[in-house]
Amino acid sequence: MSTAPTPFGSVAEVQAGLESANYICSTQIATAVYLALALDKPILVEGPPGVGKTELAKTTAALLDHPLIRLQCYEGLDEAKALYEWKYAKQLLYIQVLKEQLGDVLAGAKGLQASLERLHEFGDVFFSEDFLEPRPLLKSLQEEAGAVLLIDEIDKADQEFESMLLELLSDFQVSIPELGTIRAKGPRPLVFLTSNNTREVSDALKRRCLHLYIPFPEAPLERAIVHARVPEIPPALERELVAFIQALREKDLKKVPAISETIDWARTLLLLNAEQLDSQLVQDTLNVILKFQDDIDALTPELPSLLAAARKSA
Amino acid sequence: MDASLQRFISALRMAEVRISPAETLDAFRTVDRMGMENRQQLKESLALVLPKTAEEKLAFDACFDAFFRFEEFSDAPPGASDGERGDGDPSGEGEGSEGQGGGGDGPPQGQGSEPRKSDEASGDPAGDGPPGDEGTDPFGDPGPGPVQDAQSALGQQLQQGDRAALALAVSQAGEAVNVAGIKVFTQKGLYTRRIMDALGQGALQEEIGTLATQADATARRTAAQLSGLRDDLRERVRDFVERQFLLHADADGHRLREAMLRHVKLSNVEHRNFSHLKRLVEKMAKRLIAAHSRRRKKMRRGQLHVSRTLRKNLRYDGELIDLAWKARKIDRSKVFAICDVSGSVATYARFMLMFLYSLEAVLPRVRAFAFSSDLGEVTENFQRMAIDDAIATTLADFSGGSTDYGQAFDDFLRVAGSAVNSQSTVIILGDARNNYGNPNTKALREIYDKAQRVIWLNPEPERSWGSGDSEMPRYRASCHQVNVCNALNHLERVISDLLLAVR
């Protein structure tokens, strides 16, 4: 049984640590971070956009004081951009230099056989680490003090890329045909993968990860988050705002507001020196939380009743 | 713990949470790390390791709560009052009102209470019935008063009322009789009795019988108290078996039914099973989608993409190091489904259409046609309505009328003939029984020549092809592929082949 030494003694410590870095989270999330560190496993984080998946990785990196290495996935991402590439230009230069030096190197060698042997003595410099350009995945293995690797929106990448990741995620090593296998130099990096579930991530990948689903937060948690992020906001406004957003999430909208929108809205209202929500104010700032005109149009007639309900439950 | 975690995982698997051996190992490491003391923490940790989709998380939550509930056996047993009310309702024949005895003042027999296989274990032939009654009844109610200590092991344990120990004993007895092996609900009584026997019911029964026939009031009171306690225990054991059944067998039965439904002839499926079939079709479709949703990029190796190569190699000073090849994405072919919806074949048409339209994600261009005598396109129905409604409308519009394949092929060519090309797959579903009309093989031939593939699915068994008015042998010559297709698993195979071929 592996019991790697972890910087945290318990789940509660993780939670407190994240909280001190202004990331308010449920115990489920803290448990995930704790277990990932304890079991050396990547975490696959799923959930609707804007619930703080990426933020979790950033905060954890800051908390552990490790560099955050980020790889944003997109269609067509391949290993040349994710893993490594050869420095072709440098290789070309090397060839030119070699050409010029060839005379000196081969001076005194008689016949083809002798020249070749002389050349072999130089070793295979051409494909060596000097000519290797590390990309994020390889870089995370090369960090000697450990790192946090964030593979963002894995669902956007192709299936082939996912398969390529498997070796890295299960054994924390990558194979480069010309060099052999490269293992993590320091402690294994803590890997976060995020997915918005635009497509089902393959079973093989899921099997290698802890699976964390972050839903929209409950009202008390969301209030705590708003309070941590926008501490200047008046408490009454904070309660109303969260109640209003929670009510919005029940509606049939194209895109319901996430936590990031709640925080943006709180900041907006603060800028406008609002003391409490009123119809006109909400109408004017609705575009901060709703990103589709259709949604705004659909909601406008319902605003007064929603507001009243929010005020009541706040 | 190891064993119960293992059992928990198999219960999860029953609930259709897919768990690999590697994940099982992870679960053990997790438990090792997190400990068992904090139930909520255990649940949250295992929820990270075992279930891997949102649906699986729901199943996990339910399963966890059901599985680990038994540890909390102690609260309020069914029908029994709360412990110490030594003399409550005087008329009570025992039903719990006599109390649970000393509520834990005796030393807990705890670990020592291994399931006792009593010598007289088969003392209760009637199983669930309350066989103690004939012993207590004739002597009436002994009234309140002191009771004596029971002699039998189970009796002592019941009198001590150490609920945790009892719970442990029940669960150990359950293990001894392999209650996890329960398969169908009719076995509940059987397992309840076996567990009661394993707990030592026989000896207790005998004691109650003996005590009840004695003249001494204390003895009779004891008998009444014991039989009340025994009934409580039986209730609890029945509850326990019920939960085990839900955990271990219900899904099994479900799976059994699914396996059966896959193989049964579609026309024999009863109407009430249609909803199951529908779910099954959705499940099969989902699997096919997962298997085929990879987008294929086909490289045409050997054709250099000159301009891209030049652009790509500009950075190397124009030396051509990295070559670019022409790649093209394979165009998905169109599928035309022609369904005979007359009487006997209608059921098959229903499920094939359901299947095809469940595959929209990987098979986006399906055009559907229905006929019995005249043929018409019904694609729009499926785009506008939910699958069920679309099928119902289609059947209402086109079924009825005598089958005329010749006419149908002509109509098809007229309606969609120009759209059929070398990338099209035409699926024809029908029994080829043409009522001795003109088979019009020429029309089918024309479709055959135009299309990439013509697949004929016939619900009749192969030996009856060609008998009576079946034109199958003649049509067969103009098809690339002919299959018998009368059960869901046939349909799945054909469609899986289709997906491989067209993409």
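Residues numbered from 1 in each chain as written. Chains lettered and ligands numbered in written order. Predicted model: local features only at pLDDT ≥ 70, side-chain atom pairs only at ≥ 80, totals over all residues. Heavy atoms only, no water.

**Regarding unusual backbone geometry**
To be explicit about the condition: Secondary structure elements are defined from DSSP: runs of H or I of at least 4 residues count as helices, runs of E of at least 2 residues count as strands, and each element is numbered from the N terminus.
Unlike most non-glycine residues, Glu 153 of chain A shows phi in positive territory, near 55°. Residue placement: Glu 153 of chain A occurs in the loop between β5 (148-152) and α8 (159-171).

**Examining the packing of helix α17 (residues 405-416) of chain B against helix α18 (residues 441-450) of chain B**
All names here are of chain B. Put simply, the test is: Axis definition: a line fit to C-alpha positions, over the contact stretch in the case of helices; interaxial angles, taken between N-to-C directions, run 0 to 180 degrees. An angle counts as roughly parallel when it lies under 35 degrees, as roughly antiparallel when it exceeds 145, as roughly perpendicular when it falls between 65 and 115, and as oblique in every other case. Note on convention: the crossing is left-handed when the near helix lies turned anticlockwise from the far helix by less than a right angle, right-handed when the turn is clockwise. By definition in these notes, contact holds between two residues if any of their heavy atoms fall within 4.5 Å. Lys, Arg, Asp and Glu make up the charged group, whereas Ala, Val, Leu, Ile, Met, Phe, Trp, Tyr, Cys and Pro make up the nonpolar group; the residues left over, Gly among them, are polar.
In contact at an axis separation of 8 Å, α17 and α18 are set at 40° when each is read in the N-to-C sense. Relative to α18, the element α17 lies oblique. The two elements α17 and α18 cross, and the hand of that crossing is left-handed. Contacts from Phe 409, Asp 410, Phe 412 and Leu 413 of α17 reach α18 at Ala 443, Leu 444, Glu 446 and Ile 447. Residues that form the contact of α17 with α18 fall into these classes: six nonpolar, no polar and two charged.

**Topic: the nonpolar core**
As a reminder of what qualifies: For this analysis, a nonpolar core means a set of buried residues of the types Ala, Val, Leu, Ile, Met, Phe, Trp, Tyr and Cys, connected via side-chain atoms within 4.5 Å. Think of it in three bands: residues with accessible area under 20% of the maximum for their type are buried, residues over 50% are exposed, and the middle band is partly exposed, with areas taken using a 1.4 Å probe on protein chains only.
Judged by nonpolar contacts, the single largest core of 66 residues is most densely connected at Phe 192, Leu 212, Phe 244 and Trp 265 of chain A. The element contributing the most residues to this core is helix α2 (residues 27-39) of chain A, with nine residues. Residues contacting Leu 212 of chain A, with those up to four places away along its chain left out, are Gln 28, Ile 29, Ala 32, Ile 43, Leu 44, Val 45, Glu 46 and Leu 56 of chain A together with Leu 48 and Lys 57 of chain B. Grouped together as the second largest cluster of nonpolar side chains are 44 residues, Val 345, Phe 355, Ala 390 and Ile 455 of chain B included.

**Overview of the sheet that holds strand β1 (residues 43-46) of chain A**
All names here are of chain A. Condition: At least two bridges found by DSSP between two strands is the condition for calling them paired.
With respect to topology, five strands assemble into an open sheet ordered β2-β5-β8-β1-β9, the strand pairing being parallel. Each edge of the open sheet is held by one strand with a lone partner, namely β2 (68-72) and β9 (210-213). Averaged over all neighbouring strand pairs, the angle between strand axes comes to 20°, with direction disregarded. Strand direction decides the pairing type here: β2 and β5, joined by five bridges, are parallel. What sits directly across from Gln 72, in β5, is Asp 152.

**Focus: the interface of chain A and chain B**
Filter applied, for reference: Here the quantity called buried area is the accessible surface, traced with a 1.4 Å probe, that two parts lose on coming together, added over both. When a carboxyl oxygen of Asp or Glu is within 4 Å of a side-chain nitrogen of Lys or Arg, the pair counts as a salt bridge. N or O atoms within 3.5 Å of each other form a polar contact, as long as, within protein, one can give a hydrogen and the other can take it, and as long as residues adjacent in sequence are counted only when both atoms are side-chain atoms.
Across the contact, 30 residues belong to chain A and 24 residues belong to chain B. For the pairing of chain A and chain B, the buried interface totals around 2600 Å² over both sides, and the portion due to carbon and sulfur atoms is 56%. A salt bridge links Asp 203 of chain A to Arg 18 of chain B, with the nearest nitrogen and oxygen atoms 2.9 Å apart. The tally of links from chain A across to chain B stands at eleven residue pairs in polar contact (both at pLDDT 80 or more). Sorting the residues of the side of chain A that touches chain B by element identifies α2, α5 (88-106), α8, α9 (203-207) and β9 of chain A as the ones contributing at least two each. In terms of residue count, the dominant contributor to the side of chain A that touches chain B is α2 of chain A (eight residues). Each residue belonging to the side of chain A that touches chain B can be placed in one class, and the counts come to 14 nonpolar, eight polar and eight charged.

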